[in-house]
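Understanding the architecture of this molecule
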Amino acid sequence: MIKEIFEETHKDSSSRARIGVMHLPHGDVKTPVFMPVGTSATVKAVTKDDLEEIGFEIILANTYHLYLRPGAPLLEKAGGLHGFTGFHKNFLTDSGGFQVFSLAQLRKITDQGVAFQSHIDGSRHMLTPEKVVNLQTQFNSDIQMQLDVCSGWGTERKEAIKALDITSNWASRSKNEWLKKRDNGYKGNLFSIVQGAFEKDLREKSANFVSNLDTPGIAIGGLSVGEPHDIYSEFLAYTTALLPRNKPIYVMGIGTPDYILEAVENGVDMFDCVLPTRNARNGSYFTKDGPISIKRAEYEQDFSPIDSECNCKICRDYSRAYLRHLYKNNEILSSMLASYHNLYFLNNMIHEIRNAISEDRFADYKKTFLNRYNKK
């Protein structure tokens with residue numbers, strides 16, 4: 001029997017929203033939780049000390065990139081991701097499957113695994129479900145993801161069926177390999193992934209399969225992959241309703257306030273996205289009144305903070321005028337300060353969400369937040 005890692009501590013009275021805690025090897029993680037993306041074992045332009053100062057209990061890294069560089073043997077020798085980076089909270093590592101399909105050249109998917117050429121040097125590689133589990137074990141990941149085939153928006157049904165069959169087979173093989181690693185002392189957890197494209201019967205089939213597989217957690221893949229928002233909303237609500245409540249539920253690849261709030265409303269506990277730091281590098285800052293682009297001329301002589309209601313050190317110490325100056329001059333500090341602020345903003349929003357759920361006022365919080373955030 002798989003040990004449960006999730007504890008639901010309170011459910012909102014008018015939605016599926018909930019707060020809880022995940023018990024992980026490098027400390028408990030309160031949920032809902034946003035996980036910053038540190039693809040190559042670093043959240044771009046943000047130090048580990050900044051991440052800890054903001055209060056993040058878990059961040060994400062990418063198996064595909066780490067496998068190619070610096071390589072699993074080096075990471076294992078360094079003491080896993082924690083020893084290598086000095087970040088001693090939790091790491092979730094994705095399987096690398098999405099990157100293989102989006103970045104790699106000449107990829108070929110078979111029942112056995114996926115063969116591909118590196119986007120770095122063209123070298124040839126093969127990832128199997130078992131190998132991906134082994135790699136993430138070498139990383140000492142606190143949560144590792146199964147290898148899957150992600151079906152994007154527009155995938156034909158025949159292709160979606162084949163992708164789901166392969167993903168389900170890979171999930172079973174991943175679990176078998178993970179159990180072997182657990183028997184040998186590995187303490188990390190495996191999450192299986194729901195796929196099925198935008199076919200409701202395939203989504204139901206996949207949800208039932210991963211529920212019965214009984215891995216410590218479940219992720220929902222194949223959403224936010226180019227589909228219209230109303231389709232995203234429909235399939236998010238449909239899929240989450242099929243999943244057990246005793247597992248943490250993770251929707252992969254969402255990181256804007258509106259998508260996060262909708263996910264939480266549907267009972268999702270975990271989410272990640274590169275958007276907060278990517279947008280930061282392009283001069284976009286989150287505020288309560290919606291995102292602002294610091295490059296605009298209107299901020300040249302604006303000596304107010306980015307967000308007067310934000311308590312982060314960027315808003316305390318720097319003006320819009322100065323931040324615009326940094327961006328316009330391509331200063332490295334611009335990316336550092338903007339990334340810190342955007343991550344702080346989302347983490348603070350998550351704290352507000354948890355408080356609202358605990359007081360059974362999530363619906364009011366969501367409505368009030370979005371009315372103000374989208375008013376421009």
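The text that follows walks through the structure, step by step, so that each part is easy to find. As the structure is a prediction and not an experimental result, all values here were calculated from the model.

**Regarding the overall build of the protein chain**
- On a plain count of helices and strands, the protein chain comes out with 15 helices and 16 strands.
- Against the 2.2 N^0.38 benchmark of 21 Å for 376 residues, the protein chain shows a C-alpha radius of gyration of 21 Å, consistent with a compact globule.
- Reported as C-alpha extents along the three principal axes, the dimensions of the protein chain are approximately 60 × 50 × 40 Å.
- For the protein chain, buried positions account for 56% of its 376 residues.
- Within the protein chain, contacts between residues separated by at least 24 positions form 67% of all contacts whose residues are at least 6 apart in sequence.
- For the protein chain, the accessible area works out to roughly 15,800 Å², and carbon and sulfur atoms hold 48% of it.

**Focus: the packing of helix α8 (residues 200-213) against helix α9 (residues 229-240)**
- Remark: α8 packs on α9, axes separated minimally by 10 Å, with the N-to-C direction vectors making an angle of 35 degrees. When the axes of α8 and α9 are compared, the crossing they make is right-handed. Between α8, through Lys-200, Arg-203 and Glu-204, and α9, the contact on the second element is made entirely by Glu-234, Phe-235, Tyr-238 and Thr-239.
- For the contact of α8 with α9, the per-class residue count stands at two nonpolar, one polar and four charged.

**What to know about the pairing of strand β4 (residues 33-36)**
- Residues Val-33 and Met-35 line one face of β4 and the alternating positions Phe-34 and Pro-36 line the opposite face, and both faces are buried.
- Taken together, the four bridges between β4 and strand β14 (residues 270-273) define a ladder with parallel strand orientation. Residue pairing across strands places Phe-34 opposite Phe-271, the latter belonging to β14.

**A short note on the sheet that holds strand β13 (residues 249-251)**
- Overall, parallel pairing links the eight strands, which are arranged β4-β14-β13-β12-β11-β10-β6-β5 in an open sheet. Either end of the sheet is taken by a strand with one partner, and the two such strands are β4 and β5 (58-62). Each adjacent strand pair in this sheet contributes to an overall mean axis angle of 25 degrees, direction not counted.
- With respect to the sheet, α8 is in contact with β11 (189-194) and β12 (217-220), its orientation differing from that of β11 by roughly 165 degrees.

**Some remarks on the state of the cysteines**
- Under the criterion given, the structure shown has zero disulfides.
- Not part of a disulfide, Cys-310 finds its nearest cysteine sulfur in Cys-312, a span of 3.5 Å.

**Overview of the sheet that holds strand β3 (residues 27-31)**
- With antiparallel pairing, the three strands of this open sheet are ordered in space as β1-β2-β3. Either end of the sheet is taken by a strand with one partner, and the two such strands are β1 (6-11) and β3. Neighbour to neighbour, the strand axes of the sheet diverge by 15 degrees on average, direction disregarded.
- Against the sheet, helix α14 (residues 332-358) engages β1, β2 (18-24) and β3, with an angle of about 120 degrees to β2.

**Comments concerning the side chain of Lys-175**
- Mapped onto the secondary structure, Lys-175 falls in helix α7 (residues 157-183).
- Look at Lys-175: it is buried, it has no salt bridge, and the nearest opposite charge is Asp-214 at 5.4 Å.
- Beyond its immediate chain neighbours, meaning those up to four positions away, Lys-175 contacts Ile-2, Leu-190, Leu-213, Asp-214 and Thr-215.

**Considering the pattern of salt bridges**
- According to the stated counting rule, one finds 23 salt bridges in the structure shown.
- Glu-4 serves as the salt-bridge partner of Lys-247, at 3.8 Å between the closest nitrogen and oxygen. Of the two residues, Lys-247 sits in the loop between α9 and β13 while Glu-4 sits in the segment before β1, which places them 243 residues apart along the sequence.
- Judged by relative accessible area, Glu-4 falls into the partly exposed class, the value being 30%.
- Close ionic contact of Lys-180 with Glu-177 constitutes a salt bridge, the shortest N to O distance being 3.7 Å. Residue Lys-180 and its partner Glu-177 are both found in helix α7; the two are separated by three residues, about one turn of the helix.
- On the basis of relative accessibility, which here comes to 12%, the residue Glu-177 falls in the buried class.
- Each of Glu-8, Arg-18, Arg-245 and Asp-269 takes part in salt bridges that share partners, so that together they form one network.

**Brief notes about the environment of Phe-271**
- If you trace the backbone, Phe-271 turns up in strand β14.
- Classification of Phe-271 by relative accessible area gives buried; the value is 0%.
- Setting aside its immediate chain neighbours within four residues, Phe-271 contacts Pro-32, Val-33, Phe-34, Met-35, Tyr-250, Val-251, Ile-254, Ile-260, Ala-263, Val-264 and Ile-350.

**Focus: helix α10 (residues 257-265)**
- Most of α10 is tucked away, with seven of its nine residues classed as buried.
- Summarising the contacts, the buried residues of α10 are in contact with β4, α9, β14, α14 and α15 (362-373).
- Just downstream of α10, Gly-267 is the residue with a positive phi angle, here 90 degrees.

**Side note on the packing of aromatic side chains**
- Using the criterion set out here, one finds 11 aromatic pairs in the structure.
- A centroid spacing of 5.1 Å and a plane angle of 80 degrees characterise the contact between Trp-153 and Phe-198, whose relative ring orientation is edge-to-face. Placement of the pair is Trp-153 in the loop between β10 (143-145) and α7 and Phe-198 in the loop between β11 and α8, with a sequence separation of 45 residues.
- Take Trp-153: its relative accessible area is 43%, and that puts it in the partly exposed class.
- Their ring planes at 20 degrees and their centres at 5.6 Å tell us that Phe-369 and Tyr-373 sit as a pair that is stacked. Of the two residues, Phe-369 and Tyr-373 both sit in helix α15, four residues apart, roughly one turn of that helix. One exposure class covers both Phe-369 and Tyr-373, and it is buried.
- Aromatic ring contacts, followed pair by pair, group Phe-286, Phe-345, Tyr-365, Phe-369 and Tyr-373 into a single cluster.

Thresholds, definitions, all that
Residues numbered from 1 in each chain as written. Predicted model: local features only at pLDDT ≥ 70, side-chain atom pairs only at ≥ 80, totals over all residues. Heavy atoms only, no water. Helix = DSSP H or I, 4+ residues; strand = E, 2+ residues; numbered from the N terminus. Rg over C-alpha atoms; globule rule 2.2 N^0.38 Å. Buried < 20%, exposed > 50% of the residue type's maximum accessible area, 1.4 Å probe, protein only. Contact = heavy atoms within 4.5 Å. Areas by Shrake-Rupley, 256 points an atom, 1.4 Å probe, with all protein chains shown as cover. Axes fitted to C-alpha atoms, helices over the stretch in contact; angles between N-to-C directions. Left-handed = near helix turned anticlockwise from the far one by under 90°. Nonpolar A, V, L, I, M, F, W, Y, C, P; charged D, E, K, R; others polar. Pairing = 2+ DSSP bridges. Disulfide = S-S within 2.5 Å. Lys, Arg positive; Asp, Glu negative; His and termini not counted. Salt bridge = Lys/Arg side-chain N within 4 Å of Asp/Glu carboxyl O. Phe/Tyr/Trp six-rings, centres within 6.5 Å; stacked < 30°, edge-to-face > 60°.

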